[in-house]
Amino acid sequence: MSRQMNRNVSKKLILGVLFFSLMVLVVPTVQSILFATQSTGKMVVNKTLIAPYLQDSDKEMMLVFFGYVGCTKVCMPILHQLDALYDSEEFAPFQKKVGFTFVNLKPESRPDEPELFARSFNSGFHGVYLSQKELMGIDRNLGVYFSKSISDTEEIDHSDHLYLVEKQKNGTLVLKSIYSMHPLNSKLLINDISHFLRG
């Protein structure tokens with residue numbers, strides 16, 4: 001009887017590991033396909049967002065990127081790209097009304113590290129630390145994919161999209177659009193920001 005139970009437990013464990021591995025591979029692929037079908041590299045969302053970690057911003061709009069402190073493969077190149085965009089002549093008219101927030105997906109970091117990390121790319125960038133509890137549900141609310149890397153437990157595999165969030169006068173946050181970073185269509189993003197700020 002116990003051998004049969006052990007076999008059943010082993011089968012369930014193996015199926016669970018296979019399912020988890022499949023999800024790790026499938027979710028980023030599905031996100032890529034969704035963006036591939038959007039020839040502009042943009043997904044229009046227009047949905048109210050519950051994100052207390054973004055409420056501190058005094059800006060009308062926010063560009064939000066999810067990554068983790070010390071991420072060299074994905075975050076650093078993208079943050080350099082966003083720094084160049086943020087400091088560009090084309091973006092200059094919007095700097096007072098549009099902020100940039102880097103949201104850390106690695107709760108093992110010290111709470112002050114995300115801010116230091118973000119500001120190391122641009123003094124106008126803001127970093128946000130989230131605890132393990134605060135990270136719960138972020139994938140469902142925003143479609144952010146993140147998971148411990150199978151090959152290196154110090155690394156996190158994560159999606160690399162840019163989120164445009166509007167903060168309305170009453171404090172309500174609205175996720176306007178999600179942009180692909182491969183490549184980022186800066187002209188489209190700037191046009192959208194200009195349109196929303198005029199609206």
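Student: Even after reading the chapter, I still don't get the confidence of the model for the protein, so can you show me in this structure?
Tutor: Mean pLDDT for the protein: 82, with 78% of residues reaching 70 or above. Under a pLDDT of 50 for its full length, residues 24–37 has, in the predicted model, 19 contacts with residues more than four places off or in other chains.

Student: Is there a simple way to think about helix H2 (residues 75–86) in this case?
Tutor: Along an α-helix, residues three or four positions apart point the same way, because every turn accommodates 3.6 residues. Between the first and last C-alpha of H2 there are 16 Å, a value that for 12 residues agrees with the 16 Å anticipated at 1.5 Å per step. Among the residues of H2, those classed as buried are Cys75, Ile78, Leu79, Leu82, Asp83, Leu85 and Tyr86. The buried residues of H2 occupy an angular sector of 160° when the element is viewed end-on, so they sit on one face.

Student: I'm lost on the environment of Gln95 in this one. Help?
Tutor: With respect to the helices, strands and loops of the structure, Gln95 is situated in the loop between H2 and strand S3 (98–104). Here the alpha-carbon distance between Gln95 and Gly124, two residues 29 residues apart in the chain, equals 8.8 Å. Beyond its immediate stretch of four places on either side in the chain, Gln95 contacts Lys59, Tyr86 and Asp87. For Gln95, the side chain forms a polar contact with the side chain of Asp87, separated by 3.5 Å.

Student: For this particular structure, what's the right way to read the pattern of salt bridges?
Tutor: Pairing of side chains with opposite charge becomes possible as their charged atoms draw close. Scanning the entire structure with this criterion turns up 6 salt bridges. Between Asp112 and Arg110 there is a salt bridge, with the nearest N and O atoms lying 3.1 Å from each other. Overall, the relative accessible area of 39% leaves Asp112 in the partly exposed class. Salt bridges linked by common partners bring Arg110, Asp112 and Glu113 together as one network.

Student: I would appreciate a short explanation of the environment of Arg119 in the present structure.
Tutor: Note on placement: Arg119 falls in helix H3 (residues 113–119). Along the chain, Arg119 and Phe102 lie 17 residues apart, while their C-alpha atoms are 9.5 Å from each other. A polar side-chain atom of Arg119 sits 2.4 Å from the main-chain carbonyl oxygen of Ser123.

The rules behind the values
Residues numbered from 1 in each chain as written. Predicted model: local features only at pLDDT ≥ 70, side-chain atom pairs only at ≥ 80, totals over all residues. Heavy atoms only, no water. pLDDT = per-residue confidence, 0-100. Contact = heavy atoms within 4.5 Å. Helix = DSSP H or I, 4+ residues; strand = E, 2+ residues; numbered from the N terminus. Expected span 1.5 Å × (residues − 1). Buried < 20%, exposed > 50% of the residue type's maximum accessible area, 1.4 Å probe, protein only. Arc of directions from axis to C-beta. Polar contact = N/O pair within 3.5 Å; in protein donor to acceptor, adjacent residues only side chain to side chain. Salt bridge = Lys/Arg side-chain N within 4 Å of Asp/Glu carboxyl O.

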